[in-house]
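# Residue-level structure breakdown
Next come the chains, spelled out residue by residue.
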Amino acid sequence: MGTIVFAVIIGVAVGVVVGALGAGGGILAVPALTYLLHQSPHAAATGSLVIVLATALVAIPEKVRKKTIRIREGLVFGAISVVGSFIGARLSAYVDGNVLMLLFAAMLAIMAIVMTRKGLRERKISEGEPAPRKPRGWPWVIVAATLTGFLTGFFGVGGGFMVVPVLTLVLAFGMREAAGTSLIIMVLASAAGLASRYGQSIPVDWEVVLGFMFGSMAGGIAGGPLSNKAKPHQLTLIFAALLAVVCIASLAATLTQMLAA
């Protein structure tokens, strides 16, 4: 019972992040399930997809009400990402758990650097909004969506950590629009990742996962209004800091486990 209560508490914290930033659920859920709730990396990846899917669903209505979500673009991007998600989830089963977590940390480090540079550029603009940029062409969108889906399926994350930078850099979305629209993409990519895992013998502790999920859903509802109180460049830098912290924590925990083995 204590473990389930702990899972609920962690879930609430993760949900607030998802609701506020439209991202981050998976990058927090996977390390939390692995290192705090003692699930295997592969079980954590599967459980994380369930958590992110449910949390994104409850966070979407608030974004629709605030008109910070572009449904058509989200559905198109999400549909393209499904192919990559299916492939990534299948390949993930053949990778050693520690290697999977090391790759996860490396990916987070790259994205943290990219988003930090973007946030610092945005801060120099007096209005706090990114300067108008021309969106990239459809070939870029297809490549970006497929890669995002692949990472979603491979690492068991909702993809928001990747989708938000892609929407801002490739499609020239504002940070609030990117955060809102990413929720639609997270739903589609997570569902595809779960479907592709069907039939795999992964021992998931569903009591812990469901406790985490319900806590995360509650946090997602509470976190939704928070994004409206921050400037776009602040959201970008907070997101970058989150990626950096999770990267360092995941890397340290994985190396510790490998040295102790």
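In the block above lies the structure referred to throughout.
Residues numbered from 1 in each chain as written. Predicted model: local features only at pLDDT ≥ 70, side-chain atom pairs only at ≥ 80, totals over all residues. Heavy atoms only, no water.

With that out of the way, let us pick up the overall build of the protein. Secondary structure summary: the protein contains 10 helices and zero strands in total. Among the 261 residues that make up the protein, the fraction classed as buried is 54%. By element, 71% of the accessible surface of the protein is carried by carbon and sulfur atoms, the whole surface being about 11,400 Å². (Helix = DSSP H or I, 4+ residues; strand = E, 2+ residues; numbered from the N terminus. Buried < 20%, exposed > 50% of the residue type's maximum accessible area, 1.4 Å probe, protein only. Areas by Shrake-Rupley, 256 points an atom, 1.4 Å probe, with all protein chains shown as cover.)

Between the first and last C-alpha of helix H8 (residues 175-196) there are 31 Å, a value that for 22 residues agrees with the 32 Å anticipated at 1.5 Å per step. Across the 22 residues of H8, 16 count as buried, placing the element largely inside the fold. (Expected span 1.5 Å × (residues − 1).)

Bringing the packing of helix H3 (residues 41-65) against H8 into the picture now. Interhelical geometry of H3 versus H8 gives an angle of 150° and a closest axis separation of 8 Å. With respect to H8, the axis of H3 lies roughly antiparallel. H8 is crossed by H3, and the crossing has left-handed handedness. Of H8, the residues touching H3 (which contributes Thr-46, Leu-49, Val-50, Val-52, Leu-53, Ala-56, Leu-57, Ala-59, Ile-60 and Lys-63) are Gly-180, Leu-183, Ile-184, Met-186, Val-187, Ser-190, Gly-193 and Leu-194. When grouped by side-chain class, the residues that make up the contact of H3 with H8 number 13 nonpolar, four polar and one charged. (Axes fitted to C-alpha atoms, helices over the stretch in contact; angles between N-to-C directions. Parallel < 35°, antiparallel > 145°, perpendicular 65-115°, else oblique. Left-handed = near helix turned anticlockwise from the far one by under 90°. Contact = heavy atoms within 4.5 Å. Nonpolar A, V, L, I, M, F, W, Y, C, P; charged D, E, K, R; others polar.)

Below, the discussion takes up the packing of helix H4 (residues 71-92) against H8. The contact between H4 and H8 brings their axes to 7 Å, and the two run at 30°. By the angle class used here, H4 and H8 are roughly parallel. Between H4 and H8 the crossing geometry is right-handed. From H4, Ile-71, Gly-74, Leu-75, Phe-77, Gly-78, Ala-79, Ser-81, Val-82, Ser-85, Phe-86, Ala-89 and Arg-90 reach across to H8, where they touch Thr-181, Ile-184, Ile-185, Leu-188, Ala-189, Ala-192, Gly-193 and Ser-196. Looking at side-chain class alone, the contact of H4 with H8 contains 12 nonpolar, seven polar and one charged residues.

Glancing now at the environment of Pro-41. Looking at the element boundaries, Pro-41 is found in helix H3. Pro-41 sits 10 residues away from Pro-31 along the chain, and the two C-alpha atoms are 8.3 Å apart. Each residue touching Pro-41, except ones within four places of it in the same chain, is listed here: Thr-34, Gly-97, Leu-100 and Met-101.

So, about the packing of aromatic side chains. Counted by the stated rule, this structure contains one aromatic pair. Centre to centre, the rings of Phe-150 and Phe-154 are 5.6 Å apart; their planes meet at 15°, and the pair counts as stacked. Separated by four residues within a single helix, Phe-150 and Phe-154 lie in helix H6 (residues 138-155), roughly one turn from each other. Judged by relative accessible area, which is 24%, Phe-150 ranks as partly exposed. Over the aromatic face of Phe-173 sits the side chain of Arg-70, whose NZ or CZ is 4.0 Å from the ring centroid. (Phe/Tyr/Trp six-rings, centres within 6.5 Å; stacked < 30°, edge-to-face > 60°. Lys NZ or Arg CZ within 6 Å of the ring centre and 35° of its normal.)

One finds Phe-77, Phe-104, Leu-167, Phe-212 and Leu-243 to be the most contacted residues of the largest nonpolar core, which totals 58 residues. By size, the runner-up hydrophobic cluster in this structure holds 10 residues, among which are Leu-53, Ala-59, Ile-184 and Met-186. (Core = buried A, V, L, I, M, F, W, Y, C linked by side-chain atoms within 4.5 Å.)

Here we take up the pattern of salt bridges. Under the counting rule described, the total for this entry stands at three salt bridges. Linking Glu-73 and Arg-72 is a salt bridge whose minimum nitrogen-to-oxygen distance equals 4.0 Å. We classify Glu-73 as partly exposed; its relative accessible area is 24%. (Salt bridge = Lys/Arg side-chain N within 4 Å of Asp/Glu carboxyl O.)

Among the structural elements, Ser-216 can be located in helix H9 (residues 206-223). Residue classification places Ser-216 among the buried residues on the basis of a relative accessible area of 0%.

Let us now look at unusual backbone geometry. Positive phi outside glycine occurs at His-38, with the angle close to 60°. Within the secondary structure, His-38 is located in the loop between helix H2 (25-36) and H3. Not every positive phi belongs to a glycine, and Lys-67 is a case in point at roughly 60°. Topologically, Lys-67 is positioned in the loop between H3 and H4. By relative accessible area, Lys-67 is classed as exposed at 73%.

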